[in-house]
2 protein chains.
Amino acid sequence: MKVSVVKNILEANDRIADLNKKMFDEKCVFVVNIMSSPGAGKTTLIENTIKALKDEIKIAVIEGDIQSSYDADKIAATGVQVVQINTGGACHIDGNMISETFDQFNFDEIDLLIVENVGNLVCPAEFKMGEDYKVMLLSIPEGDDKPLKYPLMFHESSVLLVNKIDLLPYIDCSVEKIRNESLKINPELSIFEISGKTKQGLQDWYGWVKARIKEKNGS
Amino acid sequence: MKVSVVKNILEANDRIADLNKKMFDEKCVFVVNIMSSPGAGKTTLIENTIKALKDEIKIAVIEGDIQSSYDADKIAATGVQVVQINTGGACHIDGNMISETFDQFNFDEIDLLIVENVGNLVCPAEFKMGEDYKVMLLSIPEGDDKPLKYPLMFHESSVLLVNKIDLLPYIDCSVEKIRNESLKINPELSIFEISGKTKQGLQDWYGWVKARIKEKNGS
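A brief look at the structure comes next.

Conventions used here
Residues numbered from 1 in each chain as written. Chains lettered and ligands numbered in written order. Predicted model: local features only at pLDDT ≥ 70, side-chain atom pairs only at ≥ 80, totals over all residues. Least-squares fit on C-alpha atoms with pLDDT ≥ 70 in both. Contact = placed C-beta atoms within 7 Å. Pairing = 2+ DSSP bridges. Helix = DSSP H or I, 4+ residues; strand = E, 2+ residues; numbered from the N terminus. Axes fitted to C-alpha atoms, helices over the stretch in contact; angles between N-to-C directions.

Our focus in this paragraph is the relation of the copies chain A and chain B. For the pair chain A and chain B, the superposition axis carries a translation of 0.0 Å, the fit reaches an RMSD of 0.0 Å, and the rotation angle comes to 180°. Taken together, the rotation and translation describe the operation of a two-fold axis. A shared binding surface is used by both copies, with 96% of the interface residues of chain A retained as interface residues in chain B.

Written out as structure tokens, the structure is:
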């Protein structure tokens, strides 16, 4: 008997992601996939975003972690619905994991779905999940050589949030170099400098989110 | 015709890693596999270690990166032999990649082989390469919740270097919590607090390396 081989696991994932995207579009749910290294500040960004926008926008969150519900518990404290995906060792979230959460949500009641990916600057960039945009954080303690060394993440993202800029006086890192190297890889990238701690620069990020939701709703 | 399935890609890797280990043992080469998130300070640690020890120990380095030779160029400037592995997208180094470098080295002339893994707190922990010890860095800007969220890396490592402690006054992170949570996962873990920038604590790390090399050489 002939053995069929699925040549491209990424193509198989893309098909599921495309189905997810179609459903999100029909329901007018704007979906962002938040990616970064471990500890770059994804959860704090999401907490800040919820607190700033939840009175005007209906928000839900999917938390991706290898194990534990540590971050999901923090998000749940903000009062929005959160569903935890435990990948059980897998280093990224894929389209199928996202579709498995669908029966937990009433998407008619959600404008913005934020997905926090597993902390990893490599693998998540390869896996679509049906999101409108990929958004990455790079925290400045990670250094200004990261675009050069992990280019796919910068290539696939639409927004780069350069986080923890409150630490700039204490760290040898050039935001200018991060900007230049990132834009060489992806000239379309929107770059915001932020601090989750001092909240510097977050208004620009909130503005970007609100403008994209308006666009998606055609208003 | 019956289709044979390799059930466990990790088992296949383990076989190659065991062969590597046997060769390293025969040649009395002490091998450490350095792992961490992107930007936690692996390259700077290796540079410092070479500068401190190269007059008494013969050192060589394998640099693992998805692409580029940025880190390898920095290591080469210290005057020791360095071989670059570009994984071409893969998020970790495996046993086979290491064995592919063997014809580049004269292991009779090497006491210490340092392997810098790809920056990733997830996948590298699963892949043996024939090393004597796995050593991980955690930089304090990554936060004190990392043992809880990425336990395998802490479980597999023999040494945890808590790095960038010069930033403690500016960051909300408890080294005590990192210690406690790490030791819950792995009670055998040796933990050193260091700063690649100020060089605080590095003497303890150098002492650990020298003692292990002596052990391996049976002296």
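Residue and element names in this part refer to chain B. The parallel open sheet is built from seven strands, whose spatial order is β3-β2-β4-β1-β5-β6-β7. Two strands in the sheet have a free side with no partner beyond their single neighbour: β3 (81–86) and β7 (190–193). When strand polarity is set aside, the average angle formed by the axes of neighbouring strands in this sheet is 20°. Here strand β5 (residues 133–139) runs beside strand β6 (residues 159–163); their pairing, made up of five bridges, is parallel. Each bridged residue has a counterpart across the sheet, and for Leu137 the counterpart in β6 is Leu161.

With that settled, consider the sheet that holds strand β5 (residues 133–139) of chain A. Residues and elements named next belong to chain A. Spatial ordering of the open sheet is given by β3-β2-β4-β1-β5-β6-β7, a layout of seven strands whose pairing is parallel. Here the strands that pair on one side only, and so sit at the sheet edges, are β3 (81–86) and β7 (190–193). The mean inter-strand angle of the sheet, taken between neighbouring strand axes irrespective of direction, is 20°. Contacts between helix α2 (residues 42–53) and the sheet are confined to β1 (30–35), β2 (59–65), β4 (112–116), β5 and β6 (159–163), with β4 contributing the most and set at about 165° to the helix.

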